[in-house]
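Results of the structural survey
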Amino acid sequence: MSHSGIAEHAVEALSARERQRFLEHNPQSVALAERARHSLFGGVPMHWMSDWSTPLPLFVASAAGARFRDVDGHEYLDFCLGDTGSMFGHSPAPIAAALREQAGNGLTTMLPGEDAVVCGERLAERFGLPYWQVATTATDANRFVLRWARAITGRKVILVFDGCYHGTVDETLVRLRDGHTVHRPGLIGQARNLTQHSRVVTFNDLAALEAALAPGDVAAILCEPALTNIGMVLPEPGFLARVRELSRQAGTLLIVDETHTLSTGPGGCTRAWQLQPDFLTVGKAIAGGVPCAVYGCTAEMAQAMHLARAHSREMAEGHGHSGMGTTLSANALAMHCLRANLEQVMSDAAYAHMLARAAELAAGLRALFARHALPWSVTELGARCEFQFCPAPPKTGAEAEAAFHDSLQMLLHLYLINRGILITPFHNMTLCCPDTGAADVERLLATLDAALGELLAIPGARQA
Ligand code: PMP
C-alpha cells in the first residue's frame, strides 16, 4: 500500500475519465502524434517526451513568460518551465533581444569574443569562484569536472548521494541497494561496470559518508545542495558544512551542482548558504533557456588544472585530446545570451518575485492538504516547491522514493493539464518564474482542490 492514503480503484476511475477528456479536447495534438509516429522514434523527438501523464504527447505551439499555448489553442500556466530550463520564464525579453542581436553576427567560430570575458567576470562576481569554463549542457559540465577532479587527485572513485541526478553522466547512474552501489535500474546499453569507480551514500547520513571516504580513494563528491530529482530532500542543519569538512579531511574535492538549485537565489545555494565548493556546475537556465552550461573553480583548482593539462600535453607529445570538448560549447550565440541572462534577467528583483510566489504556493498547498485531511508534506527550496505523498518531508532519497504513488501523481498531473496547468513530470515539483502571478498560484491551488475533491468523493477513495 502506498503512503498517499488514496485507494487505487479511485485513482483508476478518475484517470480513465481524464485520459478520455484529453483525447477529446486535443484533436490537433492527437493528429500530430499520429503523424509523428511515422518519422520520429516513438512519435517524439526525445524518447522521454512520451513519458508524461497524457495518453499522447501534448504539442506546444508557442510559449512566453509563465504561459504556453498548445496546438489546439489552449493556454497553460506553466509551473514546469522546462524542468527549470525556462526558470526565468519563456523567452525573457532580454534573451529574445540577444538572440536577434547575435542572429546576423555569427553563431559559432571556435574563437572567443568579448562576451566570453564579460561572462567570466559576471559569473565570478555572482558565485564567488574566480575561474570559469563553458559547456553546452549541465551533463557535459559535470562530465568535464569529473575528469578534472580525477586528474587533479590521481584518484578514480566518484561519490554521489542515493537518488541523485546530474544528467546522463555514467558515474552518477548508480543507486544504493542494501548498502551496496548498484546500477540504476533501466539503463540502456550499459557496457561498463559503473560500480567499479562510483560509490553511493545516503543523503543526510554523515556516518556513511565518513566511512565511504575512509579508504582515501574518492576523487570527488558530486552533489546537489538538496536532492531535487527524486522529489525534494533538503539537507539537515549542518549536513553540508560537515560534508565540506569531511571531504577536505579526506583529500576529496567537492563539486556542487547548482543546475536546479539556481532557483534558490541569484548565486544559488552556494551563495545563499555559503558553501565552499572546489567546483560549481550549472546548466539549463543559466543562459535563459538557450543551450549553455558553465563550471567554476577556485584558484587552487585552476592551478591544478594547468598542471594536469601540461602533463597531458607532455604525455601526448602535444597531439592528445583531453576528453573534454564539444565543438559548439561557448559558441557566440550562447555567450551573448549567457551575458544577457546574467546582466539583465537573473536580477535580485526577479528572484524576490519568484520566491514570494513559491512561498504563497507552499503555504496554500499545506492549507489544502490539511483541509482535505491528507497526510502529505510540502517542501520548499527557493522558487521551487514539491508536495510528496508522505506525512513528513523525506530525509533520504529512499524515503522520497517510498512516498511515490505513480498512478496518483499521473492522475493529478493529467487533471491539471486538462484544465490548463502544467507541473513538472515524474514527481510533484512546481517552479515559479518572474512572470508567475499571485492569481496563477491561486488557480493552481483551486484546480488541485477540485481534483482532490472529486477524487475523495469516490466511495472508498480514502484508505485507512
Ligand atoms: N544536474 C542536475 C541537478 C539536473 O537536475 C540535471 C537535469 N535534470 C542535470 C544536471 C543535467 O542537465 P542536462 O540534461 O541539461 O544536461
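Above: the structure in question.
These notes cover the structure that comes with them. A quick note: this is a predicted structure, and the numbers were derived from the prediction, not measured.

So, on to the environment of R199. Looking at the element boundaries, R199 is found in strand β8 (residues 198–201). Residue classification places R199 among the partly exposed positions, given a relative accessible area of 21%. The sequence separation of R199 and S247 amounts to 48 residues, and the corresponding C-alpha distance is 14 Å. Beyond its immediate sequence surroundings of up to four residues, R199 is in contact with V157, I158, L159, V160, T181, A212, P215, D217 and V218. A polar atom in the side chain of R199 sits 2.8 Å from the backbone oxygen of A212.

F161, L209, I221, F279 and Y295 are the most contacted members of the largest nonpolar core, which has 58 residues in total. Among all residues touching F161, those that are not within four sequence positions of it are V200, V201, T202, F203, L209, I221, C223, L227, F239 and V243. Grouped together as the second largest cluster of nonpolar side chains are 36 residues, L14, L412, Y415 and A451 included.

On to the packing of helix α4 (residues 114–127) against helix α10 (residues 332–345). As a packed pair, α4 and α10 sit with axes 9 Å apart at the nearest point and diverge in direction by 35°. Along this stretch, α4 crosses α10, giving a crossing that reads as left-handed. Facing D115, A116, V118, C119, R122, L123 and R126 of α4, the residues of α10 in contact are M335, H336, L338, R339, L342 and E343. The class makeup of the residues in the contact of α4 with α10 is seven nonpolar, one polar and five charged.

Take empty space enclosed by the protein next. Summed over all chains, the structure comprises one cavity of 30 Å³ or more. Quantified by volume, the largest cavity comes out at close to 80 Å³. Along the walls of the largest cavity sit G231, E386, F387, Q388, F389, A400, A403, F404, H405, Q409, H427 and N428, which together make up its complete lining. With three residues, the single largest contributor to the lining of the largest cavity is strand β14 (residues 384–388).

Calculation criteria
Residues numbered from 1 in each chain as written. Predicted model: local features only at pLDDT ≥ 70, side-chain atom pairs only at ≥ 80, totals over all residues. Heavy atoms only, no water. Helix = DSSP H or I, 4+ residues; strand = E, 2+ residues; numbered from the N terminus. Buried < 20%, exposed > 50% of the residue type's maximum accessible area, 1.4 Å probe, protein only. Contact = heavy atoms within 4.5 Å. Polar contact = N/O pair within 3.5 Å; in protein donor to acceptor, adjacent residues only side chain to side chain. Core = buried A, V, L, I, M, F, W, Y, C linked by side-chain atoms within 4.5 Å. Axes fitted to C-alpha atoms, helices over the stretch in contact; angles between N-to-C directions. Left-handed = near helix turned anticlockwise from the far one by under 90°. Nonpolar A, V, L, I, M, F, W, Y, C, P; charged D, E, K, R; others polar. 1 Å grid on protein atoms, 1.4 Å probe; cavity = no way out; pocket = protein on both sides within 12 Å on 5 of 7 lines; lining within 4 Å. Points joined across faces, edges and corners; volume = space filled by probe spheres on them.

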